[in-house]
Amino acid sequence: MQTVSVTQAAADFGAFVSHGRCRRTPTGNGVLDGLTFAVKDLIDVEGCRTGGGNPDWLSAQEPATRSAPCVATALAAGATFVGKTVTDELAFSLEGRNVYYDRLINPVSPDLLPGGSSSGSAVAVAGGLVDFALGTDTGGSVRVPANFLGLFGFRPSHGAISLEGVVPFAPSYDTVGWFTRDANALARVGDALLPARRSTPLTKLMFARDAFALVDAPLGAELKATAEELTDSGSLDLFDGREAEYFDCYRALQGAEIWQSLGGWITSKKPHFADDIALRFAGAAAITPAEVARCRRIRAAVRDRFEALISADTAIVMPITPCTALRIDAPPHTIGDFYRRTLTLTSVAGHCGAPQVTFPLGRWQDRPIGLSVLGRRGSDRALLELVVRLAARVAESTPA
């Protein structure tokens, strides 16, 4: 696989943080031999400070004494680490911008946001600077930028990959995921990082009718037509008319966990945040125990319904964002609507602890578009194998 090195590229698109430009050579050999990778600056790399996208957080950190298990495993499997990447501020964004760093440049179009919060990792892969990159995904922080940049992006089953050495955000939703430019590389990283156990092969594909209704109408029609071509086992309603409940439940549970993880530090250190990030933390602090208790019951019901909805050999095709990449000058009301609809779509995997892969379909109106495949919890390896097959089908049907 050919990779454009940082020195060969005209610029690194703002993907890397200056305090994390440290190279680590492989510690072993394996399925990742010859590949280079980058790591989101929420994940520890031995000898580097973990900045979290915030200068006050960075200033309080000492160099990590050991790498997070996901990094150590990649090195042991033969990959070479080349640097840490920009994250949206303490991961509390899906946009792909951070006021404390030079602007990330979307390698597809500089007028568009790359998506976040694993923004630098996505840009590094899309720009050809590395073969794969690790990020974190709580509410879509790998899946969204993958969709905006025409990449493959994977959110594993919750708990499949250790979160040791990763800055906690909302622990019952947090996962470590990754980006690649092709499906085979996505599966190779999975071979290295995922537990060895095999899962039931995924032989049936359904599409979620109601999920496409959350997408901008012209784009939704285009994506639904493609989903119908790819699926072979009919359709279903994923939300059962409770889309607003899925969103509200995610907002409350995520927010409460964020405040539990970071609220003590915020209260004692009084760090400086960008205005929009400060408002989000204030909202998280205001969530009540009664809201949390109510939403935990809702989440349990959502999980039970999802487990009953599809069998172990079935996966669901659905959109991952309601629109193509946002313009960098998108107005607040557009951004707010984007969050509401996106977090509704991405919340399903989060609530259910389920794995989900974003895969590209090419371009529509000169912007990357894609779909996602969602499986039951524990179907990670089977899901990656399925996406390799789907990617081949998409490639065969796409004009050269």
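The preceding data block contains the structure.
This is a predicted model, so every value here is computed, not measured.

Asks: For this particular structure, what's the right way to read the overall build of the protein chain?
Replies: Summing up its helical and strand segments, the protein chain has 12 helices and 10 strands in all. Looking at the protein chain as a whole, 59% of its 400 residues are labelled buried. A sequence separation of at least 24 residues applies to 78% of the contacts in the protein chain between residues at least 6 apart. Working note: accessible area of the protein chain is about 15,200 Å², and carbon and sulfur atoms make up 52% of it. Of note, the protein chain has its 39 positive side-chain charges centred 3 Å away from the centre of its 42 negative side-chain charges.

Asks: Explain the sheet that holds strand 9 (residues 356-364) here, please?
Replies: Sheet strands pair by backbone hydrogen bonding; their relative direction is either parallel or antiparallel. What the 10 strands build is an open sheet, ordered 2-1-3-5-4-9-10-8-6-7; its pairing is mixed. Because the sheet does not close on itself, it has two edges, and the strands there are strand 2 (80-85) and strand 7 (235-236). Bridge analysis of strand 6 (residues 204-208) against strand 8 (residues 314-318) gives 4 bridges, and the strand direction is parallel. Residue pairing in the sheet places Lys204 in a bridge with Thr314 of strand 8. The strands touched by helix 12 (residues 380-397) are strand 4 (152-155), strand 5 (175-180), strand 6, strand 8, strand 9 and strand 10 (367-374); relative to strand 9, the strand with the most contacts, the crossing angle is about 15°.

Asks: Teacher, can you tell me more about the pattern of salt bridges here?
Replies: Pairing between side chains of opposite charge can happen when the charged atoms of each approach one another. The full count for this structure, using the stated rule, is 23 salt bridges. Notably, a salt bridge pairs Arg181 with Asp131, separated by 3.8 Å at the nearest N-O pair. Taken together, the residues Arg181 in the loop between strand 5 and helix 5 (183-193) and Asp131 in the loop between helix 3 (119-126) and strand 3 (132-137) connect sequence positions 50 residues apart. Given the relative accessible area of 29%, Arg181 is considered partly exposed. Each of Glu95, Arg97, Asp276 and Arg280 takes part in one network of salt bridges that share partners.

Asks: Help me out: how do you make sense of the pairing of strand 10 in this one?
Replies: Regular strands have side chains that alternate between both faces of the sheet. Counted residue by residue, strand 10 has 7 buried out of 8 residues, so it is predominantly covered. With 3 bridges joining them, strand 8 and strand 10 adopt antiparallel strand pairing. Each bridged residue has a counterpart across the sheet, and for Val317 the counterpart in strand 10 is Val373. Bridge analysis of strand 9 against strand 10 gives 8 bridges, and the strand direction is antiparallel.

Asks: Would you mind showing me how to read helix 3 here?
Replies: Each α-helix winds once per 3.6 residues, and so residues spaced three or four apart point in a common direction. Most of helix 3 sits out of view: 7 of its 8 residues are buried. Of the surrounding secondary structure, the elements contacted by the buried residues of helix 3 are strand 1 (36-40), strand 2, strand 3, helix 4 (143-149) and strand 5.

Asks: Just checking my understanding: could you explain the environment of Leu32 for this structure?
Replies: Among the secondary structure elements, Leu32 is positioned in the segment before strand 1. For Leu32 and Phe132, which are 100 residues apart along the polypeptide, the C-alpha to C-alpha distance reads 10.0 Å. In this view, Leu32 contacts Ala74, Ala77, Gly78, Ala79, Phe132, Arg188, Val189 and Ala192; residues no more than four positions away in its chain are not counted.

Asks: Just checking my understanding: could you explain the state of the cysteines for this structure?
Replies: What is meant by a disulfide is a covalent connection between two cysteines, made through their sulfur atoms. Considering all chains together, one arrives at 1 disulfide under this definition. Here Cys22 pairs with Cys48 through a disulfide, and the sulfurs are 2.1 Å apart. Taking the torsion about the S-S bond as the criterion, the Cys22 to Cys48 disulfide, at about 110°, is right-handed. One end of the pair, Cys22, is in the segment before strand 1; the other, Cys48, is in the loop between strand 1 and helix 1 (55-59), with 26 residues separating them in the sequence. We note that Cys70 lacks a disulfide partner, and the nearest cysteine sulfur, in Cys48, lies 13 Å from it.

Asks: Explain the packing of helix 10 (residues 289-309) against helix 11 (residues 332-352) to me, please; I cannot follow it from the model alone.
Replies: A pair of packed helices is characterised by two quantities: the angle between their axes and the separation of those axes. Closest axis-to-axis distance for the helix 10/helix 11 pair is 9 Å, and the angle between their directions is 90°. Taken together, the axes of helix 10 and helix 11 are roughly perpendicular relative to one another. Across the interface between the two elements, Arg299, Val302, Arg303 and Phe306 of helix 10 pack against Val348, His351 and Cys352 of helix 11. Residues belonging to the contact of helix 10 with helix 11 are distributed by class as follows: 4 nonpolar, 1 polar and 2 charged.

Rules used in this analysis
Residues numbered from 1 in each chain as written. Predicted model: local features only at pLDDT ≥ 70, side-chain atom pairs only at ≥ 80, totals over all residues. Heavy atoms only, no water. Helix = DSSP H or I, 4+ residues; strand = E, 2+ residues; numbered from the N terminus. Buried < 20%, exposed > 50% of the residue type's maximum accessible area, 1.4 Å probe, protein only. Contact = heavy atoms within 4.5 Å. Areas by Shrake-Rupley, 256 points an atom, 1.4 Å probe, with all protein chains shown as cover. Lys, Arg positive; Asp, Glu negative; His and termini not counted. Charge placed at Lys NZ, Arg CZ, Asp CG, Glu CD. Pairing = 2+ DSSP bridges. Axes fitted to C-alpha atoms, helices over the stretch in contact; angles between N-to-C directions. Salt bridge = Lys/Arg side-chain N within 4 Å of Asp/Glu carboxyl O. Disulfide = S-S within 2.5 Å. Parallel < 35°, antiparallel > 145°, perpendicular 65-115°, else oblique. Nonpolar A, V, L, I, M, F, W, Y, C, P; charged D, E, K, R; others polar.

Geometric values such as these leave the question of function open.
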